[in-house]
Amino acid sequence: MKAIGYVASRPADSPDALFAFEAPNPVPGPRDLLVRVKAISVNPVDTKVRMRRQGAAEAPVILGWDAAGVVEAVGADAGAFAVGDEVYYAGAITRPGTNAELHLVDARIAARKPRTLSFAEAAALPLTALTAYESLFDRLRLPRGVADDKTVLLIVGAAGGVGSMAVQLARRLASATIVGTASRPESIAWVKELGADHVIDHTKPLAGELKALGLGGAHRIFSITGTQQHWPQLVEALVPQGAICVIDDPAALDATLLKPKSGALAWESMFTRSMFETPDMDAQHRILSEVAGLVDEGLLRTTLGAHFGAITPDNLRRAHLALESGRSIGKIVLEGWE
């Protein structure tokens, strides 16, 4: 099969940062689906792993986790699926990635793709939808379906892939007042369009921006990016007994700042369930199925921001560069093989 990978960490604009090669066709295990990949999306984790993990000439690292495709074979214990099913998923960081024509995924973390979306539109959703859903409802325990809920939810970095899904999920499944952060006119417009009640500028003091809205503080804070930079402001903005969920990689956080407020700090990694094969690993199948249903009902939209063309080394390198710039809106998707 065709695959795209790398041996040594290189800057994204280097010709050998990502290159095409032939790899053996994977063989499914009992719980696996063998999927012919039709479209992929690129996430910040792709760029981070590219600079941290090294491969070998005989076994290049294959990146990529988001995918949408068609099931070609089904393992003995993956009977909820059948050959020909159109699926989407975010994969597992402990297995080879989706930048390949054929890919193996555990059926417990895959779901049938939304019927109303193309493969490219569907590929934009899984990792960000899972991260946003788990952060809001598993980690922050945002109340669902509560009428007249007084919760104020602050989403820091609301214009990116995860933020775009968090705003939508909070709008559709909860009744909180949603405050997103963004700093450019186009990103502010995007966050408002997705359903945020307010958008504040994360280049300004967050606590002050919230007070200017007359909200006082946030009961739940979802910090997607810039956590270390914003940390004192996040703690100041948090109401007593509130909670903060973090998904980026700050070098250090002074958790003692939370003590006077009895504030809670939670971490979210979308790969935890698959990495440790937790007893509730199939929760990701259920979440993706729920998301697909909401999409097909017209209640959620794809967060596809840019289509970079076919799945080629050149286009993947362009996607990595765009993500590393920190200025992308929504998700970057590639589709089809040359």
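Note: the structure precedes this text.
Everything quoted here is computed from the prediction, not taken from an experiment.

Quick notes on the overall build of the chain
In step 1: The number of helices and strands found in the chain is 10 helices and 16 strands.
In step 2: Taking 2.2 N^0.38 as the reference for a compact globule, 338 residues should give roughly 20 Å; the C-alpha atoms of the chain span a radius of gyration of 20 Å, in line with that estimate.
In step 3: The C-alpha extent of the chain, read off along each of the three principal axes, is 60 × 40 × 35 Å.
In step 4: Counting the 338 residues in the chain, one finds 55% classified as buried.
In step 5: Look at the contacts in the chain between residues 6 or more apart in sequence, and 70% of them connect residues 24 or more apart.
In step 6: Put simply, the chain shows about 13700 Å² of open surface, and 53% of that area lies on carbon and sulfur atoms.

Section: the sheet that holds strand E9 (residues 152-156)
In step 1: Here we have 6 strands laid out as an open sheet, ordered E11-E10-E9-E12-E13-E14, and parallel in their pairing. Two strands in the sheet have a free side with no partner beyond their single neighbour: strand E11 (198-200) and strand E14 (264-267). With strand direction ignored, the average angle separating the axes of adjacent strands in the sheet is 20 degrees.
In step 2: By the bridge criterion, 4 bridges tie E9 to strand E12 (residues 218-223) in an arrangement that is parallel.

Quick word on the packing of aromatic side chains
The way to describe two aromatic rings as a pair is by their centre distance and the angle between their planes.
In step 1: Summed over all chains, the structure comprises 3 aromatic pairs.
In step 2: A ring pair is formed by Tyr133 and Phe137, whose centres lie 5.1 Å apart and whose planes are at 65 degrees; its orientation type is edge-to-face. Linking Tyr133 with Phe137, this pair stays in helix H3 (residues 126-139), spanning 4 residues, or about one helical turn.
In step 3: Given the relative accessible area of 9%, Tyr133 is considered buried.
In step 4: Note on Phe137: relative accessible area 10%, which makes it buried.

A look at helix H5 (residues 185-194)
In step 1: Of all the positions in H5, only Ser187, Trp190, Val191 and Leu194 are classed as buried. The arc that holds every buried residue of H5, seen down its axis, measures 95 degrees, which confines them to one face. Residues Pro185, Lys192 and Glu193 are exposed on H5 and point more than 90 degrees away from its buried face.
In step 2: Where H5 is buried, its residues touch helix H4 (161-173), strand E10 (177-181), E11 and strand E15 (304-307).
In step 3: Downstream of H5 by a residue or two, Gly195 has a phi angle that is positive, lying close to 125 degrees.

Side note on the nonpolar core
In step 1: Counting 88 residues, the largest nonpolar core has Leu33, Tyr88, Leu136, Ile155, Leu169, Val191 and Phe222 as its most contacted members.
In step 2: Non-local contacts of Leu136, meaning those with residues more than four positions away in its chain, are made with Arg141, Leu142, Leu153, Ala166, Leu169, Ala170 and Phe222.
In step 3: Counting residues in each nonpolar core, the second largest holds 18 residues, with Val179, Leu206, Ala237 and Ile244 among its members.

Some remarks on the pattern of salt bridges
In step 1: One pass over the structure, following the stated rule, counts 22 salt bridges.
In step 2: The shortest N-O distance in the salt bridge between Lys48 and Asp249 comes to 2.9 Å. Residue Lys48 is found in helix H1 (residues 44-52), and its partner Asp249 is found in the loop between strand E13 (238-246) and E14; the two are separated by 201 residues along the sequence.
In step 3: On the basis of relative accessible area, Asp249 is assigned to the partly exposed category, the value being 48%.
In step 4: The residue Glu193 makes a salt bridge to Arg301 at a minimum N-O spacing of 2.7 Å. With Glu193 in helix H5 and Arg301 in the loop between helix H9 (283-296) and E15, this residue pair connects regions lying 108 residues apart in the sequence.
In step 5: Judged by relative accessible area, Glu193 falls into the exposed class, the value being 54%.

Definitions and limits used
- Residues numbered from 1 in each chain as written.
- Predicted model: local features only at pLDDT ≥ 70, side-chain atom pairs only at ≥ 80, totals over all residues.
- Heavy atoms only, no water.
- Helix = DSSP H or I, 4+ residues; strand = E, 2+ residues; numbered from the N terminus.
- Rg over C-alpha atoms; globule rule 2.2 N^0.38 Å.
- Buried < 20%, exposed > 50% of the residue type's maximum accessible area, 1.4 Å probe, protein only.
- Contact = heavy atoms within 4.5 Å.
- Areas by Shrake-Rupley, 256 points an atom, 1.4 Å probe, with all protein chains shown as cover.
- Pairing = 2+ DSSP bridges.
- Axes fitted to C-alpha atoms, helices over the stretch in contact; angles between N-to-C directions.
- Phe/Tyr/Trp six-rings, centres within 6.5 Å; stacked < 30°, edge-to-face > 60°.
- Arc of directions from axis to C-beta.
- Core = buried A, V, L, I, M, F, W, Y, C linked by side-chain atoms within 4.5 Å.
- Salt bridge = Lys/Arg side-chain N within 4 Å of Asp/Glu carboxyl O.

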